[in-house]
Amino acid sequence: MTVPDAGLLQFSAPDWSSTLDALLPEMHVVDRDATRIWHAFYPLALADAYAAATDAAALTRRLRIDGNPSLAAGQIDASHGFLYGHRYWPQVKAAVLARLGPAEAGHYTHHAIELGASASALLIDRVRRVAADVAAEARVEIGLVTGIAFIGLMTRRQVGADAFHASTAASVMTPAPAGRSPEAVVARRARDDRQGLLGFLRTTRHYRVMFDERRADAAFPLLAGQHLTTASANDTRDYTHGPRRFQEGPIPAQCRSATCSTCWVGVLGGRDKVSAIDAYETRRLHEFGYIQVTDERPFIRLACQTRAAGNVTIVIPPWHGLVSRLLPDPIRQILR
Ligand code: FES
């Protein structure tokens, strides 16, 4: 059983969410949506449910979880590989470990009581301090590491001090291409494929969906207006040797009608080039428990309901399931 970090237990899931919202304007745009996507992929309520479960397999069945939602299960150093700030993960770990000893956790709690500061104000302060440490150590602007600093603290909160300390940053993958600047990454995400010399004669435009920016081959073609899952299914490379979620193409999909919860993805680049969300997809995202939609083009989508008309960069979560079943019954009724 994972033991959550006692020094961070004073902060509730809404505290973490409001902290992230407050810090977004301070983050470099390259990792703004990436941090929000990560936060959606690893919900605190789910981690706490597993930490408290006496029968993890029963919980998995009740929530119909398929895949690996646990940071503690081998994902501490890798879950955030799609962030630009991932390259500073060793410094983030060192800063979190240095700042979150038991003595400092006590100091923060005492400080909160004395000043009557809100929990999220304290958490914001913690993230900023870790980010400042990392920025100084890595000699980069603080906005580049604010998102990954948030993730460092949340990871420690979910997996506990021992697991966080014991995991090795040696497994950290270098984001590719290593030398690309954050501005170049943002520009690359926004760019569309050229349509060729006679592209203006084409009735149907051809684009690409990238599903792992670190790998040159992690992309599949898409015809303008196509659903992401349709284009994904046309990628005939063999994905079935991986986890059983992958039946056809790189995006796990079963029903293609927004009923199974399988195909949720994060939209890392090209949000302005995907279709606006409709009421049905909005309701289904709520009912699955993935996000509460507040945007016309949210950063989490059901790929089977999302069409694109341009290059798009997505992130595929390592699991799917019905996390809304963790909510108390009255709230679930409201979502129906
Ligand atoms: S494939 Fe079932 S919800 Fe999209």
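Nothing here was measured: the structure is a model prediction, and the numbers come from that model.

Focus on the overall build of the chain
A tally of regular secondary structure across the chain gives 13 helices and 7 strands. Here the chain holds 336 residues, and 40% of them are scored as buried. Relative to all contacts within the chain whose residues are 6 or more apart in sequence, the contacts with residues 24 or more apart total 73%.

So, the environment of alanine 72
Take alanine 72: it is sitting in the loop between strand 1 (66-67) and helix 5 (89-99). For alanine 72, a count of 20 C-beta atoms within 10 Å gives the class buried.

A short note on the pairing of strand 2 (residues 206-210)
Relative to strand 3 (residues 219-223), strand 2 runs antiparallel, the two sharing 5 bridges. Of the residues in strand 3, the one forming a bridge with methionine 210 is alanine 219. In this sheet, strand 6 (residues 312-315) lies alongside strand 2 in parallel orientation, the contact comprising 2 bridges. Of the residues in strand 6, the one forming a bridge with valine 209 is valine 312.

Notes on the nonpolar core
Of all hydrophobic cores here, the largest spans 80 residues; its most connected members are Val92, Ala149 and Val209. Looking at which domains feed residues into this core, each of domain 1 (6-171) and domain 2 (183-335) supplies at least three. Apart from residues lying up to four places away in sequence, valine 92 is in contact with Val130, Val134, Val145, Ile148, Ala149 and Gly152.

What to know about the packing of helix 5 against helix 8 (residues 146-159)
Relative to each other, helix 5 and helix 8 sit at 55°, their axes nearing to 9 Å. Between helix 5 and helix 8, the crossing angle belongs to the class labelled oblique. The interaxial crossing formed by helix 5 with helix 8 has right-handed handedness. Note on element contacts: helix 8 touches helix 5 through Ile148, Ala149, Gly152, Leu153 and Arg156, opposite Trp89, Val92, Lys93 and Val96.

What to know about unusual backbone geometry
Positive phi is not limited to glycine here, since arginine 64 has a value of about 50°. Note on placement: arginine 64 falls in the loop between helix 4 (56-62) and strand 1. Positive phi outside glycine occurs at arginine 139, with the angle close to 55°. Mapped onto the elements, arginine 139 comes out in the loop between helix 7 (119-138) and helix 8.

Let's talk about the pairing of strand 6
What you see with strand 6 is no split at all: Val312 and Ile314 on one side and Thr313 and Val315 on the other are buried throughout. Bridge analysis of strand 4 (residues 264-269) against strand 6 gives 3 bridges, and the strand direction is antiparallel. Bridging across to strand 6, glycine 266 finds its partner in valine 315.

Brief notes about the sheet that holds strand 3
With respect to topology, 5 strands assemble into an open sheet ordered 3-2-6-4-5, the strand pairing being mixed. Of all strands in the sheet, those with a lone pairing partner are strand 3 and strand 5 (300-302), marking the two edges. Across the sheet, the mean angle from the axis of one strand to that of its neighbour is 40°, orientation sign disregarded. Against the sheet, helix 2 (residues 32-41) engages strand 4, strand 5 and strand 6, with an angle of about 165° to strand 4.

Thoughts on the environment of leucine 222
Relative to the assigned elements, leucine 222 resides in strand 3. Measuring from C-alpha to C-alpha, the distance between leucine 222 and valine 312 comes to 9.4 Å, with 90 residues separating the pair along the chain.

Notes on the packing of helix 7 against helix 8
Where helix 7 contacts helix 8, the axes come no closer than 8 Å and their chain directions differ by 120°. Viewed along their axes, helix 7 and helix 8 adopt a mutual orientation that is oblique. Considering only the axes of helix 7 and helix 8, their crossing is right-handed. For the pair helix 7 and helix 8, the contacting residues are Arg126, Val127, Val130, Ala131 and Val134 in the first and Thr146, Ala149, Phe150, Gly152 and Leu153 in the second. The residue makeup of the contact of helix 7 with helix 8, split by class, is 7 nonpolar, 2 polar and 1 charged.

What to know about the confidence of the model for the chain
The pLDDT averaged across the chain works out to 87; a share of 84% of its residues lies at or above 70. When the criterion is pLDDT under 50, residues 103-115 qualifies, and its contacts beyond four places in sequence or with other chains add up to 8 contacts.

Some remarks on the environment of alanine 233
By the secondary structure assignment, alanine 233 is in helix 11 (residues 228-233). Given 17 C-beta atoms within 10 Å, alanine 233 falls into the partly exposed group. Taking the C-alpha atoms as reference points, alanine 233 and glycine 249, separated by 16 residues in sequence, lie 4.5 Å from one another. The residues touching alanine 233, leaving out its near neighbours within four places in the chain, are Glu248 and Gly249.

Conventions used here
Residues numbered from 1 in each chain as written. Predicted model: local features only at pLDDT ≥ 70, side-chain atom pairs only at ≥ 80, totals over all residues. Helix = DSSP H or I, 4+ residues; strand = E, 2+ residues; numbered from the N terminus. Buried ≥ 20, exposed ≤ 12 C-beta atoms within 10 Å, placed from the backbone. Contact = placed C-beta atoms within 7 Å. Pairing = 2+ DSSP bridges. Core = buried A, V, L, I, M, F, W, Y, C linked by C-beta atoms within 7 Å. Domains from an automatic or database assignment. Axes fitted to C-alpha atoms, helices over the stretch in contact; angles between N-to-C directions. Parallel < 35°, antiparallel > 145°, perpendicular 65-115°, else oblique. Left-handed = near helix turned anticlockwise from the far one by under 90°. Nonpolar A, V, L, I, M, F, W, Y, C, P; charged D, E, K, R; others polar. pLDDT = per-residue confidence, 0-100.

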